[in-house]
Amino acid sequence: MQRFVVLTLNGLTEGSIYAAMALALVMIWRATQVVNFAQGAMAMFTTYLALFSLENGAPYWLAFVIALGCGFALGAVVERVLVRPVENKPPLNVVILTLGVLLVLEALAPMLFGGQIRSFPAAFSIVGLRLGSLQVPFSGFDLFTLVSVLVVMGLLLLLFQRTDLGLRMRAAAFNPEVSRLLGIRVGRMLTLGWALASVVGALAGLLIAPSLLLYPTYMDQVLVFGFTGAILGGLDSPPGAVVGGLVMGFALSYVGGYLGSDLETVGALVILIAVLMVRPRGLLAWRAQRVV
Amino acid sequence: MRVSVFKWRSLLTPTLSRHLGLALAAFIVLLVLSSQIGAYDDYNLAAIAIFVIATTGLNLLTGVNGQLSLGHGALMAVGAYSTSLLLRGHDLPLILVLPASLTAAALVGAVFGVAAARLRGPYLAGATLALAVGLPQIATRYSHVFGGEEGLTVAPQVAPAWLGADFPPERWIAWIAIAAALITMVLLGNLLQSSVGRRFKAVRDHEAAAALAGINVARTQVVAFVVSAACAGLAGSLFAYWSGLTAPSGFGVALSLQLVSAIVIGGLGSLSGAVWGSIVLVFVPALTGGMASSLNLPSAVGNNLPLLIYGAVLVVAMLLVPYGIDGGLRRLFALARARWAGAASNHKGVVDWDDPAGG
């Protein structure tokens, strides 16, 4: 029972990070119909920038904000400079393009910051919290991770559902042609969508760095599990991304804990295939749409 | 789909005889070439031939049939591990091992293809990516069978005695790989020209229309997946002979992504595109690696320079030659032809990017 609680809490923390990654991927997919394989590498790069700021005397929260700000800029630049020109090319081209960006960033990071494995500080204690005399396997930093992911999701929900800007962004993604006729700057909305998604990705990178340690490819598996989570939930659905990410977190934690950590990714594969066989467009896809 | 009976008369059709003639000519040229170059270049030549097999198969699936697979590295692993396991403690001839490994990968491909036929676009990409991540882990988990992280060793193929005692093994594996690659290309080239190939393309271009025309869409997709997996298995088997080691680290996600990038850079949906892509895949890292080591850079920069350049090549290629090297060459030829014809008829040379003749 105790083991189950430990694994559940662990799954919740990791799942929230996968959910953030999945959300970033879904935001970009909805805006531009692109699976951004460079999402993880972009987050890796901004986390290195945070570490660089820390080493040059910046306080933790300033470094945190710097990383998120750089994430915003990086997302905007990648969309505007690289993705926009291949918009009307065959759909695989943009996939290869984001893979290219991934490779460039993963090569650039060790050139600029050194390739060795680095530790990254956590904002709060990583020792389990105390409830009276009982020490639970859930640290202050885990709590911070969970809360910050929830806050970001809440803010995004507010943005998209309650603000004029969010409505314009949704319209631009939903029907660029009509939106343009209505006077929406579609290109600018798409750039903004990428930028915001990259902020969410950068947050995931900062939150997982203390436990995974920092090295150029440390976000690769987070990207794969986040992508799997996004697929699981349905790429068109932001709530689906959150559900899918959490499911991945719990599933990986249970499979790793009960069956052995070397079966984690096989377990993820089996779950993904099983779900997709029943629901080929993800758990929360509201209709089976096929372009005819 | 009806299995068509092989007719000897078909040897006389222009398509097959043209393909066979081209393949034979290419084989002779490549044999002569490989005899003139050093062992290291032979080694790279063999790598290109092996990648050609895998990328031609992947191009059939992705370029011709429209199913994106990010997991072909895992299918190569199936072929490589079959080979390594067959050769462990037995001394089986290559001519038996290759078809056996190919069959093993085709079987895995059939199982996965049935699942894949239900999925579209990014969902298929995600499922195949999970395959690429998950399958190599089985090798680490059941290390008593698959040798764990260290992997299984494969003894290199020794050239037959009549080629001389000091015939380099790199050249021999290059010859085997080139022969296998050319046979694969002839077979797939023929398949593309047949009714099966037309069905592949019909399903890619418009599923609903293909179904209305009486094509069983799901079955066609499974067939494409099986053929493509068989190619990956053959490539994996040769890869095991070529590298002498089958380990999980050699079949990571990176390999699968390299294969996809090769077909997009080379040109989607064409046999020559797979060849161009494989050449880029092998030569860009080899050239940049040599360049980086000759520049005397600090190790953190020098070690990562090839990766940086490869990534930049991917980005720049997508921006400048969106239809791959093959598409770029076709466009050049078409422009040249249009200009030549235009001189006579004063006709403006307009080139259609989406020329379907590219298949």
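Colleague: What's the story with the overall build of chain A in this structure? I'm lost.
Modeller: When helices and strands are tallied, chain A shows 11 helices and two strands. Reading the secondary structure of chain A in the N-to-C direction produces α-α-α-α-β-β-α-α-α-α-α-α-α. At 19 Å, chain A has a C-alpha radius of gyration in line with the 19 Å of a compact globule built from 292 residues. For chain A, the spread of C-alpha atoms along the principal axes amounts to about 65 × 50 × 35 Å. Look at the contacts in chain A between residues 6 or more apart in sequence, and 69% of them connect residues 24 or more apart.

Colleague: For this particular structure, what's the right way to read the overall build of chain B?
Modeller: Helix and strand counts for chain B come out as 15 helices and two strands. In terms of overall size, chain B behaves like a compact globule, its C-alpha atoms giving a radius of gyration of 21 Å where 359 residues would be expected to give roughly 21 Å. For chain B, the C-alpha atoms occupy an extent of roughly 65 × 50 × 45 Å along the three principal directions. Residues classed as buried in chain B amount to 50% of the 359 residues present. The long-range share in chain B, meaning contacts at least 24 apart out of those at least 6 apart in sequence, stands at 76%.

Colleague: Sorry if this is basic, but what is going on with the environment of B:Val217 here?
Modeller: Residue and element names in this part refer to chain B. The residue valine 217 is located in helix H10 (residues 217-243) in this model. On the neighbour-count criterion, valine 217 (15 C-beta atoms within 10 Å) is partly exposed. The spatial distance from the C-alpha of valine 217 to the C-alpha of arginine 199 is 8.6 Å, given a sequence separation of 18 residues. Setting aside anything within four residues of it in sequence, one finds valine 217 in contact with Val203, Glu207, Ala210 and Ala211.

Colleague: Would you mind going over the confidence of the model for chain A with me for this structure?
Modeller: One rule of thumb: low pLDDT means the predicted coordinates there are not for detailed reading. Taken as a whole, chain A shows an average pLDDT of 89; of its residues, 97% reach a score of 70 or greater. Within chain A, the element-level pLDDT minimum falls on strand S1 (residues 128-131) of chain A, averaging 75, and the maximum on helix H3 (residues 60-83) of chain A, averaging 96.

Colleague: Please clarify how the nonpolar core should be interpreted in this entry.
Modeller: It is characteristic of soluble globular proteins that their nonpolar side chains tend to be buried jointly. With 208 residues, the main nonpolar core has A:Ala20, A:Val200, B:Ala49, B:Ile50 and B:Ala177 as its most contacted residues. Ranked by residue count, the leading element in this core is H10(B), at 17 residues. In this structure, A:Ala20 is in contact with A:Val149, A:Val152, A:Val200, A:Leu203 and A:Ala204, ignoring residues within four places of it in sequence.

Colleague: Whenever I open this one, helix H1 (residues 2-32) of chain A confuses me. Can you help?
Modeller: For an α-helix the count is 3.6 residues per turn, leaving residues at separations of three or four pointing the same way. Residues and elements named next belong to chain A. A rise of 1.5 Å per residue sets the reference length of H1, with its 31 residues, at 45 Å; its end C-alpha atoms lie 45 Å apart and thus fit the reference within 8%. Counting buried residues along H1, 22 of its 31 residues qualify, which places the element largely inside the surrounding structure. Looking one or two places after H1, you find glutamine 33, whose phi comes out positive at around 55 degrees.

Colleague: Would you explain the interface of chain B and chain A in this entry?
Modeller: For an interface, size is often stated in terms of accessible area lost upon the parts coming together. Contacts between the two partners involve 36 residues from chain B, matched on the other side by 40 residues from chain A. Mapped onto the side of chain B that touches chain A, the elements with two or more residues apiece are helix H5 (121-141), helix H11 (253-266), helix H13 (299-302) and helix H14 (305-320) of chain B. If you tally residues by element for the side of chain B that touches chain A, the top one is H5(B), at 14 residues. For the side of chain B that touches chain A, the per-class residue count stands at 27 nonpolar, seven polar and two charged.

Colleague: Explain the confidence of the model for chain B to me, please; I cannot follow it from the model alone.
Modeller: Per-residue confidence for chain B averages 87 on the pLDDT scale, and 92% of its residues sit at or above 70. Put simply, H13(B) is where chain B has its lowest mean pLDDT, 80, and H10(B) is where it has its highest, 96.

Colleague: Just checking my understanding: could you explain unusual backbone geometry for this structure?
Modeller: Trans is the prevailing form of peptide bonds, just as negative phi is the prevailing case for residues other than glycine. Residues and elements named next belong to chain A. Residues other than glycine seldom take positive phi values, yet glutamine 33 does so here, at roughly 55 degrees. Here glutamine 33 shows up in the loop between H1 and helix H2 (39-55). On the basis of neighbour count, glutamine 33 is assigned to the partly exposed category, with 15 C-beta atoms found within 10 Å. Of note, the phi angle at leucine 213 is positive, near 70 degrees, even though the residue is not glycine. Classification of leucine 213 by C-beta neighbours within 10 Å gives exposed; the count is 12.

Colleague: Would you explain the packing of helix H4 (residues 91-113) of chain A against H14(B) in this entry?
Modeller: Helix packing for two helices is described by the angle between their axes and how far apart those axes are. Interhelical geometry of H4(A) versus H14(B) gives an angle of 155 degrees and a closest axis separation of 7 Å. Of the possible angle classes, the one that applies to H4(A) and H14(B) is roughly antiparallel. In this structure, the crossing between H4(A) and H14(B) has a hand that is left-handed. Seen from H4(A), the contacting residues are A:Asn93, A:Ile96, A:Leu97, A:Leu99, A:Gly100, A:Val101, A:Leu103, A:Val104, A:Glu106, A:Ala107 and A:Leu108; seen from H14(B), they are B:Leu307, B:Leu308, B:Tyr310, B:Gly311, B:Ala312, B:Leu314, B:Val315 and B:Met318. Partitioned by chemical class, the residues of the contact of H4(A) with H14(B) number 15 nonpolar, three polar and one charged.

Colleague: What should I look at first to understand the environment of B:Ile178 in this one?
Modeller: Residue and element names in this part refer to chain B. If you trace the backbone, isoleucine 178 turns up in helix H7 (residues 169-193). By C-beta crowding, isoleucine 178 is classed as buried, having 23 other C-beta atoms within 10 Å. Sequence-wise, isoleucine 178 and leucine 257 are 79 residues apart; in three dimensions their C-alpha atoms are separated by 23 Å. Beyond its immediate chain neighbours, meaning those up to four positions away, isoleucine 178 contacts Phe27, Leu30 and Ala49.

Colleague: Is there a simple way to explain the packing of helix H12 (residues 271-294) of chain B against H14(B) in this structure?
Modeller: Residues and elements named next belong to chain B. One way to put it is that H12 packs onto H14 with a least axis distance of 8 Å and a crossing angle of 140 degrees. As summarised for this structure, H12 and H14 are arranged oblique, according to the angle between their axes. Regarding H12 and H14, the two cross each other, and that crossing is right-handed. The residues of H14 that touch H12, namely those facing Val284, Pro285, Thr288, Gly289 and Ala292, are Leu305, Pro306, Ile309, Tyr310 and Val313.

Colleague: Help me understand H11(B), please; the structure alone is not making it clear to me.
Modeller: Residue and element names in this part refer to chain B. In this model H11 runs 20 Å from its N-terminal to its C-terminal C-alpha over 14 residues, within 8% of the 20 Å that 1.5 Å per residue would give. Counting buried residues in H11 gives 13 out of 14 residues, a clear majority hidden from the surface. Glycine 267, located one to two residues past H11, shows a positive phi value of around 135 degrees.

Colleague: Looking at this structure, I do not really get the pairing of S1(A). What am I missing?
Modeller: Residue and element names in this part refer to chain A. Pairing geometry for S1 and strand S2 (residues 134-139), over three bridges, is antiparallel. When the sheet's bridge partners are listed, glycine 128 is paired in S2 with serine 139. Two successive antiparallel strands, S1 and S2, enclose a turn made up of two residues, where glycine 132 displays a positive phi of approximately 65 degrees.

Colleague: Is there a simple way to think about the environment of A:Met248 in this case?
Modeller: All names here are of chain A. Examined against the element boundaries, methionine 248 turns out to sit in helix H10 (residues 238-259). On the basis of neighbour counts, which here come to 32 C-beta atoms within 10 Å, the residue methionine 248 falls in the buried class. Separated by 23 residues in sequence, methionine 248 and isoleucine 271 place their C-alpha atoms 8.7 Å apart. With near-sequence residues (within four places) excluded, methionine 248 lies in contact with Gly15, Tyr18, Phe225, Thr228, Gly229, Leu232 and Ala268.

Here is what the cut-offs are and how they apply
Residues numbered from 1 in each chain as written. Chains lettered and ligands numbered in written order. Predicted model: local features only at pLDDT ≥ 70, side-chain atom pairs only at ≥ 80, totals over all residues. Helix = DSSP H or I, 4+ residues; strand = E, 2+ residues; numbered from the N terminus. Rg over C-alpha atoms; globule rule 2.2 N^0.38 Å. Contact = placed C-beta atoms within 7 Å. Buried ≥ 20, exposed ≤ 12 C-beta atoms within 10 Å, placed from the backbone. pLDDT = per-residue confidence, 0-100. Core = buried A, V, L, I, M, F, W, Y, C linked by C-beta atoms within 7 Å. Expected span 1.5 Å × (residues − 1). Nonpolar A, V, L, I, M, F, W, Y, C, P; charged D, E, K, R; others polar. Axes fitted to C-alpha atoms, helices over the stretch in contact; angles between N-to-C directions. Parallel < 35°, antiparallel > 145°, perpendicular 65-115°, else oblique. Left-handed = near helix turned anticlockwise from the far one by under 90°. Pairing = 2+ DSSP bridges.

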